[in-house]
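# Reading the structure
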Amino acid sequence: MYYFLLSARGRALEGQVNRREWLTNMGMGLAGVSAGRQAGGGATPAAPAQPAQPPGAGATLPLVEFEPRSMLHVEETAVDKPRFPVIDVHTHLSFSRQGGMRYAAPPEELLPVMDRRGVQTMVNLTGGTGEGLAETIARYDRAHPGRFITFTEPSWGRASEPGYAAFQGDQIGAAARAGARGLKVLKTLGLYLRDGGPSGPLVAVDDKRFDPMWEACGGHGLPVAIHIADPEAFFLPTDRFNERYEELANHPDWSFSAPGFPSFRALLEACDRVFARHPKTTFIALHVGHNAENLAVVSERLERFPNMSVELGARIGELGRQPRTARRFFERWQDRILFGTDAVPHGTQTPQQIFGDELYRIYYRFLQTEDEYFDYAPAPVPPQGRWRIYGLGLPDAILRKVYSENATRVLNVRA
Ligand SMILES: [Zn+2]
């Protein structure tokens with residue numbers, strides 16, 4: 001005898017038993033006999049009609065509508081304050097725009113959140129250049145000493161002009177004199193910046209024209225916060241095998257799988273050549289060295305480049321799904337990891353980066369507790385991939401370094 005089960009797609013699968021039917025029959029002493037189909041019939045009374053299938057059975061659910069709630073009953077620790085004061089080395093408070101700077105939020109709006117969440121200092125990486133930089137420093141750093149630090153940026157718009165190399169080197173000195181404390185390199189370099197217009201060749205990350213800029217940063221004691229590649233999955237086709245499918249489907253312009261972009265590996269190798277060529281310049285490789293998915297490779301790079309540190313921004317989703325590997329990484333590199341969130345006030349596109357109380361609570365919970373399987377971003381659906389994270393439960397000695405001591409040293413600021 002054999003049994004039939006209608007699958008979700010309505011196909012009859014031979015040889016399988018409907019579990020609900022089987023358990024119902026067990027309860028009636030009819031184990032192994034499908035209701036109404038018993039061989040021979042005769043003495044056994046007919047089984048009652050089967051209960052209805054649960055709602056939705058037989059239907060498919062679009063992925064975007066799937067919002068499963070964990071049924072785990074495990075520890076949930078609310079961490080409102082960090083165990084030690086925090087320097088957030090990766091935030092975006094201002095943006096250069098044609099015609100002047102745009103500010104994401106005034107200090108008066110940021111400071112109460114910082115005070116509530118134990119954030120001593122925010123480092124605003126996108127401080128712009130020239131007058132815009134001076135204005136940003138006046139509004140934030142000078143108006144609230146010790147609470148804000150501003151980085152400058154390269155003048156990409158002039159990168160194809162003759163004399164750029166020397167000009168850019170000089171600009172770093174001018175920015176340092178204006179009060180900038182570092183240089184931020186966005187992924188403009190490596191993925192977007194082209195010579196001779198939009199169809200011209202991409203400018204390589206290790207192009208020699210930037211050598212005076214890297215050297216000047218070393219000379220003026222300005223660390224370089226560098227971000228030249230995105231998660232590995234962004235370099236693969238946006239298809240059913242891509243673990244960040246929904247994120248890429250929501251932001252098609254984040255994909256670099258099309259022809260014409262360098263490979264992930266080529267970008268990292270070019271970055272490594274820059275680190276090797278400028279050993280007196282300190283580099284903060286943002287987003288866990290661009291490769292939080294592969295901590296073995298990041299470790300190897302940290303070993304090769306004593307002038308390299310890493311930062312955590314927007315990557316606790318990666319670190320927290322490999323908590324044992326991540327914990328070993330923190331133990332080994334506890335002097336080279338800087339706390340950062342990539343926070344943007346009023347950001348809406350990326351829930352994992354929206355500046356606010358919740359963002360910091362999640363980071364502290366991740367670093368300080370051993371809580372299990374919780375959201376890495378304040379969002380109904382995990383925005384960077386459908387998984388949850390596990391806390392690292394780091395000891396005080398490591399927390400103190402990661403929260404501020406390493407940043408104090410790398411940024412050359414007094415605690
Ligand atoms: Zn950023």
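Conventions adopted
- Residues numbered from 1 in each chain as written.
- Predicted model: local features only at pLDDT ≥ 70, side-chain atom pairs only at ≥ 80, totals over all residues.
- Helix = DSSP H or I, 4+ residues; strand = E, 2+ residues; numbered from the N terminus.
- Buried ≥ 20, exposed ≤ 12 C-beta atoms within 10 Å, placed from the backbone.
- Core = buried A, V, L, I, M, F, W, Y, C linked by C-beta atoms within 7 Å.
- Contact = placed C-beta atoms within 7 Å.
- Pairing = 2+ DSSP bridges.
- Arc of directions from axis to C-beta.
- Axes fitted to C-alpha atoms, helices over the stretch in contact; angles between N-to-C directions.
- Parallel < 35°, antiparallel > 145°, perpendicular 65-115°, else oblique.
- Left-handed = near helix turned anticlockwise from the far one by under 90°.
- Nonpolar A, V, L, I, M, F, W, Y, C, P; charged D, E, K, R; others polar.
- Expected span 1.5 Å × (residues − 1).
- pLDDT = per-residue confidence, 0-100.

Time to look at the overall build of the protein chain. Summing up its helical and strand segments, the protein chain has 14 helices and 12 strands in all. When the 415 residues of the protein chain are sorted by exposure, 37% land in the buried category.

Here the focus is the nonpolar core. Residues Val224, Ile226, Ile284 and Phe339 are the most contacted members of the largest nonpolar core, which totals 88 residues. By residue number, the principal contributor to this core is helix 13 (residues 357-368), which donates 7 residues. Those residues within four positions of Ile226 in sequence are excluded, and the remaining contacts are Val185, Cys271, Phe283, Ile284, Ala285 and Leu286.

Before going further, it helps to examine the sheet that holds strand 12 (residues 337-338). With parallel pairing, the 5 strands of this open sheet are ordered in space as 8-9-10-11-12. Lying at the two open borders of the sheet, with one neighbouring strand each, are strand 8 (183-185) and strand 12. Pairing of strand 10 (residues 283-285) with strand 11 (residues 308-311) involves 3 bridges; the strand directions are parallel. Residue pairing across strands places Ala285 opposite Val310, the latter belonging to strand 11.

Attention now moves to helix 6 (residues 211-219). If you check which residues of helix 6 are buried, you get Met213, Trp214, Ala216 and Cys217. The buried side chains of helix 6 occupy one side of the element, clustering within an arc of 160 degrees when seen end-on. Close packing links the buried residues of helix 6 with helix 4 (164-178), strand 8, strand 9 (224-226) and helix 8 (264-277).

At their nearest, the axes of helix 4 and helix 6 sit 7 Å apart, and the two run at 20 degrees to each other. Taken together, the axes of helix 4 and helix 6 are roughly parallel relative to one another. In this structure, the crossing between helix 4 and helix 6 has a hand that is right-handed. Taken together, the residues of helix 6 that come into contact with helix 4 (itself represented by Ala165, Ala166, Gln168, Gly169, Ile172 and Gly173) are Asp211, Pro212, Met213, Glu215, Ala216 and Cys217. Here the contact of helix 4 with helix 6 is built from residues that sort into 7 nonpolar, 3 polar and 2 charged.

Now for unusual backbone geometry. The phi angle at Val288 is positive, at roughly 50 degrees, despite the residue not being glycine. Inspection of the secondary structure puts Val288 in helix 9 (residues 286-289). The class for Val288 is buried, based on 24 C-beta atoms found within 10 Å.

Before going further, it helps to examine helix 8. Spanning 14 residues, helix 8 covers 20 Å between terminal C-alpha atoms, matching the ideal 20 Å at 1.5 Å per step. By the burial criterion, the buried members of helix 8 are Leu267, Leu268, Cys271, Val274 and Phe275. Seen end-on, helix 8 carries its buried residues on one side only, within an arc spanning 115 degrees. Among the exposed residues of helix 8, those oriented more than 90 degrees off its buried face are Arg265 and Ala276. At its buried positions, helix 8 is contacted by helix 5 (188-191), helix 6, strand 9, strand 10 and strand 11.

Another point: the sheet that holds strand 6 (residues 119-124). Strands sit in the order 3-6-7 across an open sheet of 3 strands; the sheet is parallel. Single-partner strands in this sheet number two, and they are strand 3 (86-91) and strand 7 (148-150). Neighbour to neighbour, the strand axes of the sheet diverge by 20 degrees on average, direction disregarded. For strand 6 and strand 7, the ladder comprises 3 bridges, and the chain directions are parallel.

A few words now on the confidence of the model for the protein chain. This prediction gives the protein chain a mean pLDDT of 90; 86% of its residues lie at or above 70. The model gives residues 1-15 a pLDDT under 50, and that stretch makes 16 contacts with residues more than four places away or in other chains. Scored below 50 in pLDDT, residues 31-44 shows 14 contacts in the model against residues more than four places distant or in partner chains.

Before going further, it helps to spend a moment on the environment of Val203. Tracing the sequence through the fold places Val203 in the loop between helix 5 and helix 6. C-alpha separation for the pair Val203 and Leu189, spaced 14 residues apart in sequence, amounts to 7.0 Å. Apart from residues lying up to four places away in sequence, Val203 is in contact with Ala159, Leu189, Leu193, Arg194 and Asp195.

Another point: the pairing of strand 5 (residues 100-103). Both strand 4 (residues 94-97) and strand 5 contribute to a ladder of 4 bridges, which runs antiparallel. If you follow Arg97 over to strand 5, its bridge partner there is Gly100. What sits between strand 4 and strand 5 in their antiparallel hairpin is a turn of 2 residues, with Gly99 showing a positive phi close to 90 degrees.

As a further point, take the environment of Leu248. Within the secondary structure, Leu248 is located in helix 7 (residues 245-250). We classify Leu248 as buried; it has 21 C-beta atoms within 10 Å. Remark: the alpha-carbon pair of Leu248 and Gly385, spanning 137 residues in sequence, is separated by 9.9 Å.

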